[in-house]
Structure formats: C-alpha cells, structure tokens
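Secondary and tertiary structure notes
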Amino acid sequence: MSRDDDRRGGDSGFVRRDDDRSPGGYRGRDDRQGGGSRGRDDRGAGGFRGRDDRGGAGDRRGNDRRDDRRDDRRDPAREDRRGPDGRPSTVWHNGRRYVGGTTTARNSDRGRGPRTDPRTTPRPEGARDDHGAPLEGTPERPVIPDWDADGAEASTGGDQGLQAEGERLQKVIAAAGIASRRVAENLIVEGRVTVNGEVVDALGRRVTETDQIAVDGVPVQVDTSRRYVLLNKPTGVVSSLQDERGRRDLSEFVDRYEERLFNVGRLDTETSGLLLLTNDGDLAHVLAHPSFGVAKTYIAKVAGNVNPATVQRLLEGVELEDGPIAADKVRLLESARGESLVEVTLHSGRNRIVRRMLDAVDHPVLELVRRSFGPLQLGSLPIGRVRELSTVELGGLLRIAREAQGSTQGAEDEETAD
C-alpha cells in the first residue's frame, strides 16, 4: 500500500487538509459564514463609514466653504474702527491704535489741535482700563513728558536740563563711530553716557561741540572735522611738512588727506617710529608740552654691554649741558656680543634727549625707535605706513587733554584766589 493510499484508508488514517472536512473543521477565509471576516466595502450600518458617506455627524455645512464660516463670528461693533476723536484709524491692534511700537490710550487720545498737558492725577497702583492695561499715571505706567523744542525746554514735569539747540546725543555718538544710533540709545538708557561729567539717561538730550561726552568713561570727540593719524616714520625723513634743504619730509604722508595735518612733537632724522599727525591744535599742545607729563617709550640699540649699574645711573639721572635728566623707566632687554637693547621711558621733550643720555653713560646709540606715545602703541604697523586712530586710542588722548585742561583751570583758580 502506498503512502497516498494509506492516507485515503480507514477512518483512523491520516486525512489531508485538502480532503473533505467535516462542518466543524477549519474553513478558509473565503468560506466563512456570518461569523467570518467581512470586507470593508461590505460593512453594515454599524461598520466604518468614509468621510463621503457620513450622515448627520459628517460635514454640517455640506458644500459651504471654510471662509464662509467666519461671517457668524464678525463683530459689527468692530467694523468701524475709529479713534476716540471720531477719525478713522488704519493701524489697529486688538481693538486699539498701534502707534510707535506701543498701544496706549494716550496715543489714541492725541488730537490735531493745540497741545495740551497730558498729565493726569496720579492713580493708585493696579488701576487699569477696559482692556486691562495700566492707566497712565500709575506706578506701572508713569507719565512721560513730551519734548517741547519750541519752548527750549521740556513740557511741564520734564527735565529742565534739556536744551533745544545742538544735535541729539545718540546721533552724535553714532557719528563719532562709537556705536549705531540704536545701540547708542541703549547706552544712554543704561546710564553709561556722561555729558560734562554728569550721567545722562534721557533720550531727548541735545549736545553741542563744547560739551564733553564720554561712554563708559572713554571720551568721545564731538567735532567730526578733527583727524588723527599715526605714522611709523622711517629713518631719513625730516619731521617737517616742508624742508628748506629739499630733504625728504612729512608732506608725502599728509598730502593724501584733505585736512591740513601737522606732526605732534618731533623725531630726529635718524630716529624711526611712532609720530602722531593731526589737525587738533589743543590736543597737540597738551601732548607735546613736557609739563603735562605724557610718557614716550624708546628702544635703543647701543654699543657695548649695558650692566645693571648703568641702568641705575639712568634712573637716578645724568648731567647734561642743558641740565640734569633722569629716565622714568629703564629696562635691559638684551646684551651680547658687544651690543645691547635698552628700553627707555621718559616724558621729557628735549632735543635728542635719549641719544644724549646714553652717550653720557658711554653707550652711544646705533639705532633708535619710538614704540609708544602716551596711550598710543606702534604695534605691527610697517615702516612708512599710516593708519587712523581707533576710538579707544582717541579716547585715551582726549582723556589726557581734558585732565590737563582741568588741572590748568584749577591752577588758575588758585592764583585768582590768592
């Protein structure tokens, strides 16, 4: 008997699944009766309904457009958006006029007639209008006085120190290159700006060229016609704008500027380094005059090996033909092979003073470079090149000039008192 025949055998034999099965046997998905699975399209009333087959629970508006549903939400009272004065307004926000970045009743109430005093009786803390905004005159919303330029003073309740003439303070700061006008306004509000030594926090403040402005303690030059140029003077150039002997002079460095610039102080022909060119006469006088004590630093390459005893002699002072002179600071940078590098700082303005001092201690100068002048540093500026001063450098020079002006004024006051 084959295996297939055996399967077709008696009742107790093995029966294939494809053979005749009893009603209780396994039925395929297609043979199922009412209890079987029904396709999605054959579902009854209780089955799933697509969006297009929904009844009353579907789209309540049928073919109505979404935009048409907004008609029932319109408020006729808000259609005529007019201000309290009766004139129509085209700029509204949440039912109120939007003016100058704020929504205030004060801006809405302002008419075109003559200006009136907008101040109100101070209101208690927490008082609010119909829209929930604090009322003007409360601690949350204090009265801000208007600037009255025609009356040369602020309106009643304003700062009497404001003036009508001159430029606005934030505009002057921006013109000086300190910051943009918007940033300048922030500096003023933060109390980081002073005018004539007093902190200013009012944006309506105006200044003139005679006012002394400072930002974070750094003075600002109000006069934009002033120019300040730093030159790395090469050797062989005379510190003059026009040399009578026809030698190379400073004219080749200043002719490119429209302003008439002149040098502050002098460097001899064989000395190179930092030289300031400007058209600010008052500042030049302060920087060049030795009585104001502006320090200058030189690096000298000298013959011979400089020892600590020589450094001490320079600090204590040496005797010259025009009187004794002492350096403010001396540093020995290098000493080898019969040559030395010495850094000398002093505030004297005598002619060829560094060369003569080092000659007096038996170390003649081979090369000499001026590296700094007051707050100015030569840095990496190439020889024969020029650059404009930065705002920080200019602020340092202006601070020296203002301090010198204040000390001079104080000395004059003492003499007058005597």
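Anyway, here's the lowdown on the structure attached to this text. These numbers were taken from a predicted model, which means no experiment stands behind them.

Focus on the overall build of the protein
Helix and strand content of the protein: nine helices and 19 strands. Looking at the protein as a whole, 31% of its 418 residues are labelled buried. Within the structure as shown, the protein displays about 27700 Å² of accessible surface, and the carbon and sulfur contribution to it stands at 44%.

Describing the pattern of salt bridges
Overall, the coordinates contain 15 salt bridges when judged by the stated rule. Between Asp322 and Arg350 there is a salt bridge, with the nearest N and O atoms lying 3.2 Å from each other. You can see Asp322 sitting in the loop between strand S13 (318-320) and strand S14 (323-325) and its partner Arg350 sitting in the loop between strand S16 (339-346) and helix H8 (353-360), a full 28 residues away along the chain. The exposure class assigned to Asp322 is partly exposed, which follows from its relative accessible area of 40%. Residue Arg350 is classed as partly exposed on the basis of its relative accessible area, which comes to 28%. Residues Glu343 and Arg331 are paired through a salt bridge, measuring 3.0 Å at the closest nitrogen-oxygen approach.

Quick word on the sheet that holds strand S8 (residues 218-220)
The strand order across the open sheet formed by four strands is S5-S4-S7-S8, and the pairing between neighbours is antiparallel. The open sheet terminates on both sides in strands that have one partner only, identified here as strand S5 (198-199) and S8. Note that strand S7 (residues 213-215) and S8 share three bridges and pair antiparallel. Across the sheet, Ala214 pairs through a bridge with Pro219, a residue of S8.

A closer look at the pairing of strand S15 (residues 329-336)
Judged from the seven bridges that link them, S15 and S16 form a sheet pairing that is antiparallel. Residue Glu334 lies in a different strand from S16, and its bridge partner there is Leu341. What sits between S15 and S16 in their antiparallel hairpin is a turn of two residues, with Arg337 showing a positive phi close to 55°.

About the cut-offs
- In this convention, every chain numbers its residues from 1, walking through the sequence in written order.
- Only residues with pLDDT of at least 70 get local features here, since the model is predicted, and only at 80 or more are side-chain atom pairs given and counted; chain-wide, interface and lining totals rely on the full set of residues.
- Water and hydrogen atoms play no part in the side-chain values, which are based on all heavy atoms of the structure.
- A run of H or I in DSSP counts as a helix once it spans at least four residues, and a run of E counts as a strand once it spans at least two, with each numbered from the N terminus.
- Only protein chains enter the accessibility calculation, which uses a 1.4 Å probe; a residue is then buried when its area is under 20% of its type maximum, exposed when over 50%, and partly exposed in between.
- Surface exposure here means Shrake-Rupley accessible area, sampled with a 1.4 Å probe, where a residue is shielded only by the protein chains that are shown.
- The rule for a salt bridge is simple: a side-chain nitrogen of Lys or Arg has to be within 4 Å of a carboxyl oxygen of Asp or Glu.
- In short, DSSP must find at least two bridges between two strands for them to pair.

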